[in-house]
Amino acid sequence: MPLRQREAEIGTKRDFASLLDDLITASEKGEDEGARPSIPFDYLSVADELHSGRIKVAGESVAAEYREAGADLAAEFAALLDQAKLTLAAEEQRPEEKLPPIDPESIAGELGLDRSAKNADLSRIRRSFAFANHPDRVAPHLRQRAMIRMQVANMLIDEAKRRALAGARR
């Protein structure tokens, strides 16, 4: 297929597979000779030339270039390191992270279980605590602590519900 005809077809809707088929067929027929490199390059002949011994490289010149490149790299690395130190120094120092408590007394205080509550109130308290402290809603490094906090809170709320039911039966 001539190039002009293919260019005209590009504007029409075609599926990708048929476009690839046309390109493969055209390359097999040799229609795109202009797209191929005009200077042939044979990798094997280049490798043979390098291994033939006709190309000589003095060991001292290679070592000198290696030392110069190494010195340049060392200087570049030192400059990058200095830049990183300046960037880190410019950042605000964060205060030490305060971890949420896991002891039952603190969690009971957070839940407000020191006063008597109804079953509906306890369910609301459980949902609001879970919304704020569920392991899926906290930072990854706090997930284990959040899981413990949730278990303790659920245990405390269940105990408060049992006490509320026992008090209602009397």
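All values derive from a computational prediction rather than experimental measurement.

**Student:** I'd like a description of the overall build of the protein, backed by residues and values.
**Tutor:** Along the protein, the regular secondary structure elements total 7 helices and 0 strands. Start at the N end of the protein and walk to the C end: the helices and strands fall as α-α-α-α-α-α-α. Taking all 170 residues of the protein together, the buried fraction comes to 12%. Relative to all contacts within the protein whose residues are 6 or more apart in sequence, the contacts with residues 24 or more apart total 56%.

**Student:** Could you give me a rundown of the nonpolar core, with the residues and numbers involved?
**Tutor:** Counting residues in each nonpolar core, the largest one holds 12 residues, listed as Ile 107, Leu 111, Leu 113, Leu 122, Ile 125, Phe 129, Met 150, Val 152, Ala 153, Leu 156, Ile 157 and Ala 160. Only helix 5 (104-111), helix 6 (119-133) and helix 7 (143-169) provide two or more residues apiece to this core. If one sorts the elements of this core by residue count, helix 7 sits on top with 6 residues.

**Student:** Quick one: what's the story with the packing of aromatic side chains, residue by residue and with numbers?
**Tutor:** Tallying each qualifying case throughout the model produces 0 aromatic pairs. The ring centre of Phe 131 lies 4.0 Å from the NZ or CZ of Arg 137, which sits over that ring.

**Student:** Explain the packing of helix 6 against helix 7 to me, using residue names and the numbers behind them.
**Tutor:** Between helix 6 and helix 7, the least distance of the axes is 10 Å, while the angle of their chain directions is 175°. Between helix 6 and helix 7, the crossing angle belongs to the class labelled roughly antiparallel. Contacts between helix 6 and helix 7 involve Asn 119, Leu 122, Ser 123, Ile 125, Arg 126, Phe 129, Ala 130 and Asn 133 from the first element and Ala 146, Arg 149, Met 150, Ala 153, Asn 154, Ile 157, Asp 158, Ala 160, Lys 161 and Leu 165 from the second. Here the residues of the contact of helix 6 with helix 7 sort into 10 nonpolar, 4 polar and 4 charged.

**Student:** Explain the packing of helix 5 against helix 7 residue by residue, including any values.
**Tutor:** It is the contact of helix 5 with helix 7, at a shortest axis distance of 10 Å, that shows an interaxial angle of 70°. Of the possible angle classes, the one that applies to helix 5 and helix 7 is roughly perpendicular. Between helix 5 and helix 7 the crossing geometry is right-handed. On helix 7, the residues that touch Pro 104, Ile 107, Ala 108, Glu 110 and Leu 111 of helix 5 are Arg 149, Val 152, Ala 153, Leu 156 and Ile 157. In terms of residue class, the contact of helix 5 with helix 7 is built from 8 nonpolar, no polar and 2 charged.

Criteria and thresholds
Residues numbered from 1 in each chain as written. Predicted model: local features only at pLDDT ≥ 70, side-chain atom pairs only at ≥ 80, totals over all residues. Heavy atoms only, no water. Helix = DSSP H or I, 4+ residues; strand = E, 2+ residues; numbered from the N terminus. Buried < 20%, exposed > 50% of the residue type's maximum accessible area, 1.4 Å probe, protein only. Contact = heavy atoms within 4.5 Å. Core = buried A, V, L, I, M, F, W, Y, C linked by side-chain atoms within 4.5 Å. Phe/Tyr/Trp six-rings, centres within 6.5 Å; stacked < 30°, edge-to-face > 60°. Lys NZ or Arg CZ within 6 Å of the ring centre and 35° of its normal. Axes fitted to C-alpha atoms, helices over the stretch in contact; angles between N-to-C directions. Parallel < 35°, antiparallel > 145°, perpendicular 65-115°, else oblique. Nonpolar A, V, L, I, M, F, W, Y, C, P; charged D, E, K, R; others polar. Left-handed = near helix turned anticlockwise from the far one by under 90°.

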